[in-house]
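What the coordinates show
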Amino acid sequence: AYFTKLFARDQELAGTGAAWVRLRRMLPKLGIVEVSVCVALLAISPLIVGFLKLDSYTGYWLVVGLFVVGLVLLVERSFIQGIHRFGWYGATLIGEGVGRVIFGVLLVWMGWKVSAGLAASLFAQVIGLVAGAAGFLALSAKTEPPPPANPNETSMHRYRAALSDTLALGLYALLVMQDIF
């Protein structure tokens, strides 16, 4: 909800172009958070796999994949919802839901057992991500140019905005991964 509010506020105050600017500024931070969490999870993977007494790393890496794709999907859906493009938002939800059912049934039928649910969820999130990317392509063609930079905005204001985005992404990452710790 936090990111959706940010994008909606940008949309209302300065148009869709401002929301695109915020999205472009958030993506590098998102990459930093994701790489940091993945490196940390890679470092502790033997401990977690041993603690959970897993036979292999497959389930663990499926959960890590769900985190990585899920965080990108969160930002993507927040952007689409924040700029009030509910058709594309619905397309991501429908694509993910239908994909989860189809892949879940198919993978269980193929004998994947418990890993089928995790793999189906991961494949379904990728479908939702692709649906959102299609929405991005459609929306970017219709978007007005971003507003000019605010001359009264200080670098401290930009640092605070960057810190709040990074903090929110990091806290979401911890919330999603808290059951592993």
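Structure: above.
Summarised in this report is the structure supplied together with it. What you are looking at is a predicted structure, and each value in this text was computed from that prediction instead of being measured.

What follows deals with the overall build of the protein chain. Along its length, the protein chain carries 6 helices and 0 strands. Going from the N terminus to the C terminus, the protein chain shows its helices and strands as α-α-α-α-α-α. By residue count, 39% of the 181 residues in the protein chain fall in the buried class. Considering only contacts in the protein chain between residues 6 or more positions apart, those separated by 24 or more positions represent 75%. Looking at the protein chain as shown, the accessible area adds up to about 10500 Å², and 71% of this sits on carbon and sulfur atoms.

Among the nonpolar cores identified, the biggest contains 26 residues, and Phe3, Phe7, Leu23, Phe79 and Leu169 are the most heavily contacted of them. Residue assignment for this core shows that the elements contributing at least two residues are helix 1 (2–14), helix 2 (16–52), helix 3 (58–82), helix 5 (114–140) and helix 6 (155–177). Ignoring any residue separated from it by four or fewer positions in sequence, one finds Phe79 in contact with Phe7, Ala19, Trp20, Leu23 and Phe136. Leu62, Val69, Ala116 and Ala119 belong to the second largest nonpolar core, which has 8 residues in total.

Turning to the packing of helix 2 against helix 3, a few remarks are in order. As a packed pair, helix 2 and helix 3 sit with axes 10 Å apart at the nearest point and diverge in direction by 165 degrees. Taken together, the axes of helix 2 and helix 3 lie roughly antiparallel to each other. For the pair helix 2 and helix 3, the crossing hand works out as right-handed.

What follows covers a nonpolar patch on the surface. Nonpolar side chains collect at one region of the surface, where Leu106, Trp109, Met110 and Trp112 lie side by side and expose about 490 Å² of accessible area between them. Examined against the element boundaries, Leu106 turns out to sit in helix 4 (residues 86–109). Accessibility expressed as a relative area gives 37% for Leu106, which makes it partly exposed.

One pair of aromatic rings is described through two measures. These are the centre distance and the angle between the planes. Taken as a whole and judged by the stated rule, the model has 7 aromatic pairs. Ring centres of Phe7 and Phe79 lie 5.2 Å apart, and the angle between their planes is 85 degrees; this geometry places the pair in the edge-to-face category. Here the residue Phe7 occupies a position in helix 1, and Phe79 occupies one in helix 3, the gap between them amounting to 72 residues. Look at Phe79 and you get buried, because its relative accessible area is 0%. A centroid spacing of 5.4 Å and a plane angle of 90 degrees characterise the contact between Phe79 and Phe136, whose relative ring orientation is edge-to-face.

Turning next to the pattern of salt bridges. Throughout the structure, instances matching the rule amount to 3 salt bridges. For Arg22, the salt bridge goes to Asp10, with nearest N and O atoms at 2.6 Å. In this pair, Arg22 is assigned in helix 2 and Asp10 in helix 1, connecting sequence segments 12 residues apart. With relative accessibility at 9%, the residue Asp10 sits in the buried group. One network of salt bridges, with partners in common, ties together Arg77, Glu96 and Arg100.

In the Ramachandran plot, His84 falls in the positive-phi region, its phi being about 65 degrees despite a non-glycine side chain. The topology assignment puts His84 in the loop between helix 3 and helix 4.

Relative to the helices and strands, Glu76 resides in helix 3. Among buried Asp, Glu, Lys and Arg side chains, Glu76 stands out as unpaired, with Arg77 the closest opposite charge at 5.9 Å.

The next thing to look at is the packing of helix 4 against helix 5. Interaxial distance between helix 4 and helix 5 falls to 7 Å at its minimum, and their mutual angle equals 150 degrees. One element, helix 4, and the other, helix 5, form an angle in the roughly antiparallel class. When you trace helix 4 past helix 5, the crossing you get is right-handed. In terms of residue class, the contact of helix 4 with helix 5 is made up of 15 nonpolar, 9 polar and 2 charged.

About the cut-offs
- Residues numbered from 1 in each chain as written.
- Predicted model: local features only at pLDDT ≥ 70, side-chain atom pairs only at ≥ 80, totals over all residues.
- Heavy atoms only, no water.
- Helix = DSSP H or I, 4+ residues; strand = E, 2+ residues; numbered from the N terminus.
- Buried < 20%, exposed > 50% of the residue type's maximum accessible area, 1.4 Å probe, protein only.
- Contact = heavy atoms within 4.5 Å.
- Areas by Shrake-Rupley, 256 points an atom, 1.4 Å probe, with all protein chains shown as cover.
- Core = buried A, V, L, I, M, F, W, Y, C linked by side-chain atoms within 4.5 Å.
- Axes fitted to C-alpha atoms, helices over the stretch in contact; angles between N-to-C directions.
- Parallel < 35°, antiparallel > 145°, perpendicular 65-115°, else oblique.
- Left-handed = near helix turned anticlockwise from the far one by under 90°.
- Patch = residues over 30% accessible without salt bridge, like charges linked within 9 Å, V, L, I, M, F, W, Y side chains within 5 Å.
- Salt bridge = Lys/Arg side-chain N within 4 Å of Asp/Glu carboxyl O.
- Phe/Tyr/Trp six-rings, centres within 6.5 Å; stacked < 30°, edge-to-face > 60°.
- Lys, Arg positive; Asp, Glu negative; His and termini not counted.
- Nonpolar A, V, L, I, M, F, W, Y, C, P; charged D, E, K, R; others polar.

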